[in-house]
Amino acid sequence: MNSKADSKKNKDAADEEELLKILQELDEATPLHKNKKEDDGMHPLLTLGLVAAFLAHGAILFSLPPVLKQKGAPFLPTNSNNLTVMFNALKKQSYIQKALQQKTPLTFYDLGSGDGRVVFRAAREGIFQKSVGYEINPVLHMFASMRRLVTPKYFKSTSFRMDDLWKVDLSQANVIAVYGLYPIMGRLGKKMEQELKPGSIVVSNVFTIPGWKPVQVSKDNVHLYSIPESIQWKEHKIEKE
Ligand SMILES: C[S@@+](CC[C@H](N)C(=O)[O-])C[C@H]1O[C@@H](n2cnc3c(N)ncnc32)[C@H](O)[C@@H]1O
């Protein structure tokens, strides 16, 4: 009985060995075998592509809830032309020029900071002691924070917070940037009226603030508002570029 079981075991082992031999021969015969070294890991570009796709999908996915709840806009980055228009207009404002002459520290907020481009541009302009980005989307917040880590030059002068813009205290800001959507602009205007200090400037990309009068509008639809003039707008004159 035992010798029967032993001979079956030996036969199975021999079959297994034979099968392994065949598989090995097949493996060596395949053309892929020649590129085995390169195929050991995923191509770095493919890895990069997958990470980018993951971030993009995450950014879109997390963008939907605030839009649906009318809490903010989806991620639409400001183009570089409008960034230039925005900061050139800001630099011409007497409030900013005076603060720079008197070396008064200025603080910049971007409400819904996306990938951080507006905050980094603000830091690059050298006008602000601190530029802060508030973002509700965790993927975009993570992206901007990682960008900050690899940009040591602006590490100290920038910061990113994962926060709902409606909960942010605006009383310490000197300049606010916003790229919202029409449904939120009226409510945001009311929040800013209550919290912003006199002298503060609001720069809104594309959308206007209902009931406010801009002190400057560019042909690229960058709207500049000044507190309190833009709120007491009836007495104020608009400058059209
Ligand atoms: C039109 S994008 C502007 C991004 C960036 N400021 C720029 O100009 O490139 C609006 C951003 O606001 C964010 N957002 C929407 N609702 C928000 C909320 N309630 N609090 C903070 N961020 C919000 C979105 O995730 C999106 O990144």
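No experiment lies behind these values; they were computed from the predicted model shown. (Residues numbered from 1 in each chain as written. Predicted model: local features only at pLDDT ≥ 70, side-chain atom pairs only at ≥ 80, totals over all residues.)

Enquirer: Please explain the site of the ligand as it appears in this structure.
Expert: The local shell around the ligand holds 25 residues, among which Pro 66, Gly 72, Thr 78, Gly 112 and Gly 114 are the closest. In terms of residue class, the shell around the ligand is built from 12 nonpolar, 8 polar and 5 charged. (Near = placed C-beta within 6 Å. Nonpolar A, V, L, I, M, F, W, Y, C, P; charged D, E, K, R; others polar.)

Enquirer: Explain helix α8 (residues 182–195) to me, please; I cannot follow it from the model alone.
Expert: Residues spaced three or four apart along an α-helix point in a common direction, a consequence of the helix completing one turn every 3.6 residues. Counted at 1.5 Å a residue, the expected span for α8 with its 14 residues is 20 Å, and the 20 Å between its end C-alpha atoms agrees. Those residues of α8 not exposed but buried are Ile 184, Leu 188, Gly 189 and Met 192. Buried residues belonging to α8 abut β4 (175–178) and β5 (201–205). (Helix = DSSP H or I, 4+ residues; strand = E, 2+ residues; numbered from the N terminus. Expected span 1.5 Å × (residues − 1). Buried ≥ 20, exposed ≤ 12 C-beta atoms within 10 Å, placed from the backbone. Contact = placed C-beta atoms within 7 Å.)

Enquirer: In this structure, what is going on with the confidence of the model for the protein? I would like to understand it.
Expert: Atom-level detail of predicted coordinates should not be read off regions where pLDDT is low. Chain-level statistics for the protein give a pLDDT mean of 85 and a share of 78% at 70 or above. Long-range and interchain partners of residues 234–241, a stretch whose pLDDT sits below 50, account for 13 contacts in this model, where long-range means more than four residues apart. (pLDDT = per-residue confidence, 0-100.)

Enquirer: Would you take a moment to explain the pairing of strand β7 (residues 222–226) for this structure?
Expert: Along any regular strand, the residues point their side chains to alternate faces of the sheet. Summarising burial for β7: 5 of the 5 residues are buried, a large majority. Of the two faces of β7, the one lined by Val 222, Leu 224 and Ser 226 and the one lined by His 223 and Tyr 225 are each fully buried. Here 5 bridges tie β5 to β7, and the two strands are oriented antiparallel to one another. Its bridge partner being in β7, Val 202 is matched across the sheet by Tyr 225. When strand β6 (residues 216–217) meets β7, the two strands line up antiparallel, connected through 2 bridges. When the bridges of β7 are listed, Val 217 appears paired with His 223. Taking the residues that link successive antiparallel strands as the turn, the β6-β7 hairpin has 4 residues, and the phi of Asn 221 there is positive, at about 70°. (Pairing = 2+ DSSP bridges.)

Enquirer: Quick question: what am I supposed to make of unusual backbone geometry here?
Expert: Phi is mostly negative for residues that are not glycine, and the peptide bonds are mostly trans. A cis amide bond links Ile 227 to the next residue, Pro 228, at an omega of 10°. Secondary-structure assignment places Pro 228 in the loop between β7 and β8 (239–240). Positive phi, normally seen in glycine, also occurs at Lys 103, with a value near 55°. Its location among the elements puts Lys 103 in the loop between α5 (94–101) and β1 (107–111). Using a count of 7 C-beta atoms within 10 Å as the deciding quantity, one classes Lys 103 as exposed. A positive phi angle, near 70°, is found at Val 206, a position not held by glycine.

Enquirer: How should the nonpolar core be read in this particular structure?
Expert: Side chains that are nonpolar tend, in soluble globular proteins, to be buried together. By size, the foremost hydrophobic cluster in this structure holds 41 residues, and its most contacted members are Met 86, Leu 90, Val 175, Ile 176 and Val 203. Mapped onto this core, the elements with two or more residues apiece are α4 (80–92), β1, α6 (117–125), β2 (130–135), β4, α8, β5 and β7. Here this core gets 6 residues from one element, more than from any other, and that element is α4. If we ignore the near neighbours within four places in the chain, the residues touching Met 86 are Val 203 and Val 222. Ranked by size, the runner-up nonpolar core spans 5 residues in total, among them Phe 75, Leu 140, Ala 144 and Phe 160. (Core = buried A, V, L, I, M, F, W, Y, C linked by C-beta atoms within 7 Å.)

Enquirer: What should I look at first to understand α4 in this one?
Expert: The end-to-end C-alpha separation of α4 is 19 Å, in line with the 18 Å expected for 13 residues at 1.5 Å each. Considered for burial, the residues of α4 that qualify are Leu 83, Val 85, Met 86, Phe 87, Ala 89 and Leu 90. On its buried face, α4 sits against α5, α6, β4, β5, β6 and β7.

Enquirer: How do you make sense of the environment of Phe 155 when you look at a structure like this?
Expert: Among the structural elements, Phe 155 can be located in the loop between α7 (138–149) and β3 (158–162). Using a count of 12 C-beta atoms within 10 Å as the deciding quantity, one classes Phe 155 as exposed.

Enquirer: When you look at the environment of Val 217 in this model, what are you seeing that I'm missing?
Expert: Summarising the element assignment, Val 217 is placed in strand β6. On the neighbour-count criterion, Val 217 (18 C-beta atoms within 10 Å) is partly exposed. For the pair Val 217 and Ser 204, spaced 13 residues apart in sequence, the C-alpha to C-alpha distance is 9.7 Å.

Enquirer: Any chance you could explain the pairing of β2 here in plain terms?
Expert: Within β2, 5 of the 6 residues are buried, which leaves it mostly tucked inside the rest of the structure. Where β1 lies against β2, 5 bridges are found, and the strand directions are parallel. Pairing of Asp 110 across the sheet is with Gly 133, part of β2. In this fold, β1 hands off to α6, which returns the chain to β2; that crossover is right-handed. The sheet contact formed by β2 and β3 spans 5 bridges and is parallel. Bridging across to β3, Ser 131 finds its partner in Thr 158. (Right-handed = clockwise from strand over helix to strand, strands pointing away.)

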